[in-house]
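Per-entry structural report
Here are the chains, one letter per residue:
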Amino acid sequence: MTTALIKKFVPHYEQIHDSKVRASYGILAGSVGIIANILLFVFKLIAGLLSGAVSIVADAFNNLSDAGSSVVTLLGFKMAEKPPDFEHPFGHGRIEYLAGLFISIAIILVGVELFRTSLQKIFSPEEITVDFISGGILLASIVVKFWMAAFNKNLGKRIKSAAMEATSVDSLSDCVATTVVLIAMGVYYFTGINVDGFAGIGVALFVFYSGIMTAKDTLQPLLGQAPDADFVEAIEQIVNANPIVVGLHDLIVHDYGPGRRFVSLHVEVPASMDMMEAHELIDGIEYKLRRSCGCEVTIHMDPIIIDNPKLVLMRESVAQVIAKIDESIHMHDFRVTKSCNGFNLIFDVVVVFGFKYSDADLKKRIQADILVLNKTYNAVVKISHSYM
């Protein structure tokens, strides 16, 4: 059913990096959410009023808030589609992340309100009526919400949308919440014990927890999280597929919203290569990355001497010294200049965040180990950190 809806309502649905296509996905998800949640709200409210169960009424208003969240999703995707302007030269794509954050905050507020109402019902319980109509409505709600969770999860994975992922989690939390309410009705029906308020507390806590977790997920891209591992791997495969490329490093991804990623990296090529040929090579790689990964790319070219046996031996020796310190660190931009007492070995070393040595200590360690290797070697080391 999901695939059928996508094909019918999302023109050119395969072009997920296109902002207009993403907006169509968002409008589809928002429209389905609005319609389904309003219907669930109406039927659950009727069931709650008929039975007198606060947990059902609370669950109904939870669905109403979900309808509001779907409106935010729809508007967020539509606004994110806006082209760049003078005030926002990188576009408006991060509005999609803000929409996901707004949904998370709405979930948290609903959880707080549910907790307050349910606590009142524990201290002031009211008579509830259990009937098969209310039970049937709740069962149907669980089925619908489970489908909506799978629907939004599918769309979120297709276009890598944090907002849709948040909506999917919200729908799953609704499934759990409604199941708890249904169990509370069953307990009352078979035992006569009114656990409506306690069931409402359980629903509230679960909704609150879901809101906190989805807020965390939607905040990460706004705070500057590391890029997706699959995205990085795709870039590396495209770059390294060219036999002329010796290596790549200093890969940085700036995320201005889905479909609006800006990538910069350094590509090492043989120093003996013709400059115009190297430039054409770099242009070709940039074109492939834009087309395949849907990102803007800037590549800096680093010439590397690979046909000088003595220099190659020096580089391999230094690489072995660094590997003995820790295999997680690596070297790039290796070059050699003459000094009055020997040779300056100039290179960069990349370390991960939280490395066991400080930058200053690691630099001293490398310089000391290279002096042991050869007293005429003066290591000029720059320590940098990986953004991957």
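Quick summary incoming for the structure in this document. Only a predicted model underlies this, so the values are computations on that prediction, with no experimental measurement involved.

Here we look at the overall build of the protein chain
Helix and strand content of the protein chain: 11 helices and six strands. Taking 388 residues into account, the globule formula puts the C-alpha radius of gyration at 21 Å, and the protein chain, at 29 Å, lies well above it. Taken over the C-alpha atoms alone, the protein chain extends approximately 95 × 45 × 35 Å along its principal axes. Out of the 388 residues belonging to the protein chain, those deemed buried represent 45%. Put simply, 66% of the contacts in the protein chain that link residues at least 6 apart link residues at least 24 apart. For the protein chain, the computed accessible surface area is about 20200 Å², with 64% contributed by carbon and sulfur atoms. Taken together, the 32 basic and 40 acidic charged side chains of the protein chain have centroids lying 2 Å from each other.

Some words on the pairing of strand β6 (residues 377-385)
One ladder, built from nine bridges, connects strand β5 (residues 342-351) with β6; its direction is parallel. Note on β6: the bridge partner recorded for Val351 is His385. Each parallel crossover has a hand, and the one from β5 via helix α11 (residues 359-373) to β6 is right-handed.

So, the packing of aromatic side chains
Following the criterion strictly, the structure yields seven aromatic pairs and no others. With a centroid separation of 4.2 Å and 10° between ring planes, the pair formed by Phe90 and Tyr256 is classed as stacked. With Phe90 in the loop between α3 (54-80) and α4 (95-123) and Tyr256 in the loop between β1 (247-255) and β2 (261-270), this residue pair connects regions lying 166 residues apart in the sequence. Judged by centre distance (5.0 Å) and plane angle (90°), the rings of Tyr189 and Phe190 are edge-to-face. Of the residues examined, Tyr189 reaches a relative accessible area of 48% and is grouped as partly exposed. Put simply, the rings of Phe90, Tyr256 and Phe262 touch in pairs and so form one group of aromatic residues.

What about helix α1 (residues 2-9)?
Along α1, the residues classified as buried are Thr2, Leu5 and Ile6. The buried residues of α1 occupy one face: seen down the axis, they fall within an arc of 100°. With respect to the buried face of α1, the exposed residues turned more than 90 degrees away are Lys7 and Lys8. In this structure, the buried side of α1 is in contact with α2 (19-51) and α5 (132-159).

Description of the packing of α1 against α2
Where α1 contacts α2, the two axes come as close as 10 Å, and the packing angle between them is 125°. Comparing the axis directions of α1 and α2 gives the class oblique. The chirality of how α1 crosses α2 is right-handed. Here α1 contributes Leu5, Ile6 and Phe9 to the contact with α2, which in turn contributes Ser24, Tyr25 and Leu28.

Points about a negative patch on the surface
Where like charges cluster on the molecular surface, the negative patch consists of Asp228, Asp230, Glu233 and Glu236. Tracing the backbone shows Glu233 in helix α8 (residues 229-240).

Let's talk about the pattern of salt bridges
Applying the stated criterion across every chain, the model contains six salt bridges. For Asp326, the salt bridge identified is with Lys356, shortest N-O distance 3.5 Å. On the criterion of sequence distance, the pair formed by Asp326 in the loop between α10 (309-325) and β4 (330-339) and Lys356 in the loop between β5 and α11 is long-range, its members being 30 residues apart. Classification of Asp326 as buried rests on a relative accessible area of 19%. The class of Lys356 is exposed, set by a relative accessible area of 55%. The closest approach of N and O atoms between Asp369 and Arg365, which form a salt bridge, is 3.1 Å.

Topic: a nonpolar patch on the surface
Together, Ile35, Ile38, Leu39, Val42, Phe43, Ile46 and Leu50 make up an exposed nonpolar region whose accessible area comes to about 640 Å². Within the element layout of this structure, Ile38 appears in helix α2.

So, the environment of Ser124
With respect to the helices and strands, the residue Ser124 is situated in the loop between α4 and α5. Take Ser124: its relative accessible area is 48%, and that puts it in the partly exposed class. It is 9.0 Å that separates the C-alpha atoms of Ser124 and Gly197, two residues lying 73 residues apart in sequence.

Cut-offs applied
- The residue count restarts for each chain, going from 1 along the sequence in the order it is written.
- Two thresholds apply to this predicted model, a pLDDT of at least 70 for residue-level local features and 80 or more for giving and counting side-chain atom pairs, whereas whole-chain, interface and lining totals are computed over all residues.
- As a rule here, side-chain values cover all heavy atoms of the structure and leave hydrogens and water aside.
- The numbering of helices and of strands both runs from the N terminus, where a helix is a DSSP run of H or I of at least 4 residues and a strand a run of E of at least 2.
- Throughout, radius of gyration means the C-alpha value; the globule benchmark is 2.2 Å times the number of residues raised to the power 0.38.
- For every residue, the accessible area obtained with a 1.4 Å probe (protein chains only) is divided by the maximum for its type, and the residue is called buried under 20%, exposed over 50%, and partly exposed between those limits.
- Note on contacts: a residue pair qualifies if any of its non-hydrogen atoms lie within 4.5 Å across the two residues.
- Residue-level accessible areas treat just the shown protein chains as cover; the underlying method is Shrake-Rupley with a 1.4 Å probe.
- Under the convention used here, Asp and Glu are negative, Lys and Arg are positive, and both His and the chain ends fall outside the count.
- A charge is said to be at NZ when it belongs to Lys, at CZ for Arg, at CG for Asp and at CD for Glu.
- When DSSP locates at least two bridges between a pair of strands, those strands are taken to pair.
- Think of it like this: strands point away, you trace from the first strand over the helix to the second, and a clockwise trace means the crossover is right-handed.
- Any pair of Phe, Tyr and Trp rings, taking the six-membered ring for Trp, is counted once the centres come within 6.5 Å. Such a pair is stacked with planes under 30 degrees apart, edge-to-face with planes over 60 apart, and tilted for the rest.
- Directions are taken from the helix axis to each C-beta atom, and the arc is the one they span.
- Helix axes are fitted only over the stretch in contact, all axes being lines through C-alpha atoms; the angle between N-to-C directions runs from 0 to 180 degrees.
- Roughly parallel here means an angle under 35 degrees, roughly antiparallel means over 145, roughly perpendicular means 65 to 115, and every remaining angle is called oblique.
- Each helix crossing is assigned a hand: it is left-handed if the near helix lies turned anticlockwise from the far helix by less than a right angle, otherwise right-handed if that turn is clockwise.
- Residues qualify for a patch when their relative accessible area is over 30% and they have no salt bridge, like charges being joined within 9 Å and the nonpolar side chains of Val, Leu, Ile, Met, Phe, Trp and Tyr within 5 Å.
- In what follows, salt bridge is the name for a side-chain nitrogen of Lys or Arg lying within 4 Å of a carboxyl oxygen of Asp or Glu.

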